[in-house]
Structures are given as structure tokens and as C-alpha cells.
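Single-letter residue listing:
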Amino acid sequence: MKYAPIIGLEIHVQLKTKSKLFCSCANINEGDAEANTAICPVCTGQPGALPALNAHALELAMLAGHAMKCAIPDTAKFDRKNYFYPDLPKGYQISQFDLPVCGKGQLDITVDDENASRKEVRIGITRAHLEEDAAKNQHAPDGSSTLVDYNRGGTPLLEIVTEPDFRSPAEAKAFLQELRSIMRSIGVSDADMEKGQMRCDANISLMPLNDDGTPAQIELNPKVEVKNLNSFKAVERALAYEIERQTDLYDTNTPPLQSTRGWDENRGVTTDQRSKEGSADYRYFPEPDLPPVNLKEIRDMMRSKLPELPGSTRRRLQEEYGFSEANAAFLVANEGWTGYAEHVMSELAEWIGSDKAEDQKASLAKLTGGWLTSKLAGFLTEMNRTIREVNVTPENFAEFIKILHQGEINSANGQKLLRLMIEHGADPSHLMEEHNLGQNMDENELRVVVERLIAENPAQVEQYKSGNEKILMWFVGGAMKATEGKANPEAVKELAKKIIG
Ligand code: ZN
Ligand code: MN
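As the structure is a prediction and not an experimental result, all values here were calculated from the model.

Peer 1: Before we go on, may I ask you to explain the domain arrangement of the protein chain in this structure?
Peer 2: How large an interface is tends to be reported as the accessible area lost when its parts come together. Domains assigned within the protein chain are domain 1 (3-282), domain 2 (310-434) and domain 3 (443-500). Taking only C-alpha atoms, the centre of domain 1 and the centre of domain 3 are 62 Å apart.

Peer 1: Before we go on, may I ask you to explain the sheet that holds strand β4 (residues 92-95) in this structure?
Peer 2: The strands that make up a sheet are held in pairs by hydrogen bonds between backbone atoms, and each pair lies either parallel or antiparallel. As summarised here, the arrangement of the three strands in space is β4-β3-β14, forming an open sheet in which the pairing is antiparallel. For this open sheet the edge positions go to β4 and β14 (285-286), each flanked by a neighbour on one side alone. The pairing of strand β3 (residues 79-82) with β14 spans two bridges and is classified as antiparallel. Bridge pairing in β14 places Arg 80 opposite Phe 285.

Peer 1: Please explain the nonpolar core as it appears in this structure.
Peer 2: Counting 69 residues, the largest nonpolar core has Leu 9, Val 101 and Phe 175 as its most contacted members. Residue contacts for Val 101: discarding those within four places in its chain leaves Leu 58, Ala 61, Met 62, Ile 72, Pro 73, Ala 76, Gln 96, Ala 128, His 129, Leu 130, Leu 158 and Leu 295. Judged by nonpolar contacts, the second largest core, of 40 residues, contains Tyr 321, Trp 371, Ile 401 and Met 421.

Peer 1: Looking at this structure, I do not really get the coordination of the zinc ion (ligand 1). What am I missing?
Peer 2: Summarising the metal site, the zinc ion (ligand 1) is bound by the protein donors Cys 23 (SG), Cys 25 (SG), Cys 40 (SG) and Cys 43 (SG), whose distances to it range over 2.3 to 2.4 Å. Bound by four donor atoms, the zinc ion (ligand 1) shows angles of 100 to 114° at the metal and therefore tetrahedral coordination geometry. The sequence motif formed by the donor residues of the zinc ion (ligand 1) is C-x1-C-x14-C-x2-C.

Reading guide: rules and limits
- Residues numbered from 1 in each chain as written.
- Chains lettered and ligands numbered in written order.
- Predicted model: local features only at pLDDT ≥ 70, side-chain atom pairs only at ≥ 80, totals over all residues.
- Heavy atoms only, no water.
- Domains from an automatic or database assignment.
- Pairing = 2+ DSSP bridges.
- Helix = DSSP H or I, 4+ residues; strand = E, 2+ residues; numbered from the N terminus.
- Core = buried A, V, L, I, M, F, W, Y, C linked by side-chain atoms within 4.5 Å.
- Buried < 20%, exposed > 50% of the residue type's maximum accessible area, 1.4 Å probe, protein only.
- Contact = heavy atoms within 4.5 Å.
- Donors = N, O, S within 2.8 Å, 3.2 Å for Na, K, Ca; no water.
- Tetrahedral: all angles 85-135°; square planar, octahedral: opposite > 155°, others 65-115°.

If you want it as C-alpha cells, here you go:
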């Protein structure tokens, strides 16, 4: 039997506020402060302490809601979700049950995977609600004791729940990457999964398919929830593992029951945790210490503050400048690069002339995109610097592209020149002259080099004579080596052809 995976996600995003959700303690990351120093009577659940809602957290939730095209109601309220655990000192979590801050929405994603059966996918957002995080248990490695750090207790989270709209692990991963990109670009969260600022639970069931690929039943099979996936790779691997595991269970007539599982990164398997509570077990009831929240004003104010979203920026980079889809994706995914690239393109139009630049838009964008995203980005990674710290001005980078575009330097020396630009922060034409990197060889000098190559390599000459045109590139390589890259490839080819005859 064939099956299609039906996948939904629940994502907790840590909001980038100064203080916690219901008190004025600092909202810090693990390791940023000594344990139990960012705490107060409210976030440690002392009797009589009263919560007060952090207005900035509400603003960020509204911004995220608009970015996901969520319907935002006029009123929201908070509820107590009751359960006992040492990391939850009050014995309940303040969350939202039936009136969350964000209702139904949607997010469009592009799946960048050759084997993907769907490339453009619309994922429904079921809801998103505000809630406080729990504290952090630290278990001694030998299992003898557990310590609790309450610094994280009460920090603000936005829990985003999706519809079961994903049909492959790759789609789930693409969604999370897009969500991270959005949260960062609108300043709602740093959304770094490794740091726990974005955490994902995934639920998955299998739908049996008829031979023609249509669903063989109407109702969904029991779903398995995989908890606490803390990297994109973990999400992808855990879901792939579950597809295989559940397929085996159906094929052997022992179908899976609804359950919760954990992901064991080292062994690459999911493991049984506990049977899932229904929401009735939490005995949700309205939080008596917080009044319902009127969202009307703040909702409209934040709508007007929503900046351009990554998807629109990617489209704009492609349409306006001619960047490839992959280059545009890189520029948007990496902080600071979009602005830099746009600045380079406008300076480039100055260098080349805007009419000419428009005519050669495609080739200029290809050249610039390649040198930005592979060479410049590569050098910066190597030097452990960000684009914000680079001392190559967009104007100098644009001049560098102009030099390449006009064939004044070859690609190998271009790389040397770019490195010098990063090291010295000087403009490329001066550096090129100073370090003699241009293709400024005298034709007679070049002829000597090519003649020697021909004299010393009769085998290659023979190959050319017997019709192998490609062997000319071998001569180009040899001439480049002999001249330390100053030879112009076209000139070498022409000379070689002429001399061999
Ligand atoms: Zn506090
Ligand atoms: Mn939650």
C-alpha cells in the first residue's frame, strides 16, 4: 500500500522583548546570566503576586499575526493551563485557550528541493497565541539530582499552530526556514533554533492512497506527535523516520495509536514518551488576574508598521534587478545583504550608465549575484566577519563588478583583487594597478609564452590538429600559470590557433 504523510507543526517562538511576559524581569537567553538571577515573585509564582501584560509582547504578536495574514479578533483573553511540573512553580501556565490573539492565517512557501513534488505550497495557520515559557530543569548527568533555573520562566512565547497541510518533511523544513526569516526581518524574534528561540513539535499521520494517488479514506489516521525538535535537520530526519516507522506498522497490520514521541538525535530514532493528554486534562479556565485584552487599536497600529516581508523582497530582487531565485534567496536569508546588494546595483548603474545597465541587466545581475553570494560571502565566512563589518563600500564593489564585466581582469585575479579590497578597504582600480593584476600583457610577451607551450607539448598540439578544439583550454590554463593570471584567455586561444595553424 502507498501512503501520503499528513503533517502539521506547532512552533514556539521566543519574542524579542526586553522583559518577560507578565513581570519586569529581563527576558534573557540561557547562559546570558547566572541561574535564578532574572526572577521575581511574579515569575516564580509567589502567593499574592499579580501578573501584568507586557505591551511590547502584544505588539510583536500582532506584527507576527499580520505577517502570517492572520485574522486578528477584537478581543483576546488569557487562560490558565493547569499541570504540575517542577519547572512550573505556579502549577499552571498562563496561556490562551479559546480566544487567542491571532486566528486563521496562511503562509506561502517555496520548497527548494529537486525531488519535491510540490514547489509552491500554501500552508494554513490555524492560530497563534501568547503564553509564558516554563523554567529550565537541569538534570545531573548521573541522574542523582535536578536543579531548576527559573530565569526562563515567564519569558514570552508565541505559539503558532499550522493546519496539517504539509505533505513531506522537506515542506516542513522550508516552512520553518521561511518562518525564521520572517520573524527576523520584522524584528519579532531572532528565532535561532539552536538557541531554543524557535522550537518545533511536529505531528504526523499517514493517509493510505488508492492506485491513482487519491486518498483511500476520508478520516485521518491517529497522529503521532514528535516533541522538541530543535534544528531544521532534526525536523526533517524525525519526520522521515516516522514515515518509515508508521508505514511498517500499517504494512504489518499493527497500526500506530495516537501518541507522543521524542527524537533521539544520536541514534536517529523517535522514542515513545507518554500518551497524549487531551485539552480537558489541563482544566483550562480564564485567568482571573488578567482582564480581557482589547486588540482593535494595537492591531491597526501594527498593521501600518509591518515592513516588507522576505517573500516580497525576494520577488523584488528578481524583478527589479534580475537576480536569480537562488541569489535572491541568499540575499534575503542573510541579514544585511539585501541592502548591500541593492546599493551595489544602483552604484553599478552609475558606473556603467543606466541605459547600458538596463540593456545588460541579466548578465550584470548574474555576475554581481555570483560574486556577492559565493565569493564575497565565502571570504567573509572565512574571516568570520559579517556583511555589516565589511569595509568594501558598495561603490567599490560596483566598480569591481564593472572591471570584471569589461574583461579588464580574469576571474582568478578577480578573486585576488577582492581579497585585497577586503583587507585594505581601497578602491579596486588602484589595487589592480598596484598589484599588477590586470590582463595587460603585451602581445609579444604573450606570444613568447604560447610559443614555448606549443614547442614543449607536442601531444596536446597533435590533439588540436586532430580536431579537438577543447584542448585550447589546456593552453589557456598553461598560459595563465606561466603569467600568473595576466594572460587574457581569448587572446591565448587566438594566438594558439594562429601559431599551430
Ligand atoms: Zn519576574
Ligand atoms: Mn505551548
